[in-house]
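# Remarks on the overall topology
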Amino acid sequence: MKDVWQRRGRQPPVSLRTWLFERGSLTQRVRETCPQSFHIKVLRQFWARPSIEEARFLKSPPDRCARIREVQLCCGDRPLVFARTVMPLDGVRGQLRQLLKLGSQPLGEVLFTQHARRINAQIRCLSPHNNLFHRAMSHAKQPPDFLWGRRSIFILKNKPLLVQEIFYDD
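Everything numeric here is computed off the predicted structure, so don't read it as measured data.

What follows concerns unusual backbone geometry. Located in the positive-phi region is His-115, a residue other than glycine, with phi close to 55°. Along the chain, His-115 turns up in the loop between helix 4 (107-113) and strand 4 (117-126). For Lys-157, which is not a glycine, the phi torsion comes out positive at approximately 55°. Along the polypeptide, Lys-157 turns up in the loop between strand 5 (147-156) and strand 6 (159-167). Under the relative-accessibility criterion, Lys-157 is labelled partly exposed at 43%.

Laid out in structure tokens, this is it:
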């Protein structure tokens, strides 16, 4: 099983395809799926250097600091999606300082109400040796053999940010 980001290649299960290839707001879609008990669980927000792979995808120098936010999109007690957002320091100054204060507000609401543009969407089958797999499954008792995810660059007010979304098995 390949563990590389791809635009085409190995096909995800039918049950996940519409989620992985969703062009609109994933937050809105999860909210519609779970209208009574949708919420964001903030796992971590911190300043750090992104991984080399994340910096490369953002076309950012690997030694540049970024704001990293890790959350779960939940339906009641059940997490449906793990999301890791990497916001380069240059991108969260000025008008975009609001991104530093999201708390449990979904990032998707900001991106889609402010008409951010999505570019370079890719999907991936993540195996347990992948760091993103471990971050997504850090609270799981019995991790699966693999998880599917996607990543995209969003351009908001001419600044890029990386959004990676990992879908939990049902």
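What follows covers the pattern of salt bridges. Applying the stated rule across the entire model yields nine salt bridges. Note that Arg-84 and Glu-70 form a salt bridge whose closest N and O atoms lie 2.5 Å from each other. Taken together, the residues Arg-84 in strand 3 (residues 78-88) and Glu-70 in strand 2 (residues 66-75) connect sequence positions 14 residues apart. Grouping residues by exposure puts Arg-84 and Glu-70 together as buried. Note that Glu-165 and Arg-150 form a salt bridge whose closest N and O atoms lie 2.4 Å from each other. Taken together, the positions of Glu-165 in strand 6 and Arg-150 in strand 5 put the pair 15 residues apart, joining distant regions of the chain. A relative accessible area of 3% means that Arg-150 is categorised as buried.

Cut-offs and rules
- Residues numbered from 1 in each chain as written.
- Predicted model: local features only at pLDDT ≥ 70, side-chain atom pairs only at ≥ 80, totals over all residues.
- Heavy atoms only, no water.
- Helix = DSSP H or I, 4+ residues; strand = E, 2+ residues; numbered from the N terminus.
- Buried < 20%, exposed > 50% of the residue type's maximum accessible area, 1.4 Å probe, protein only.
- Salt bridge = Lys/Arg side-chain N within 4 Å of Asp/Glu carboxyl O.

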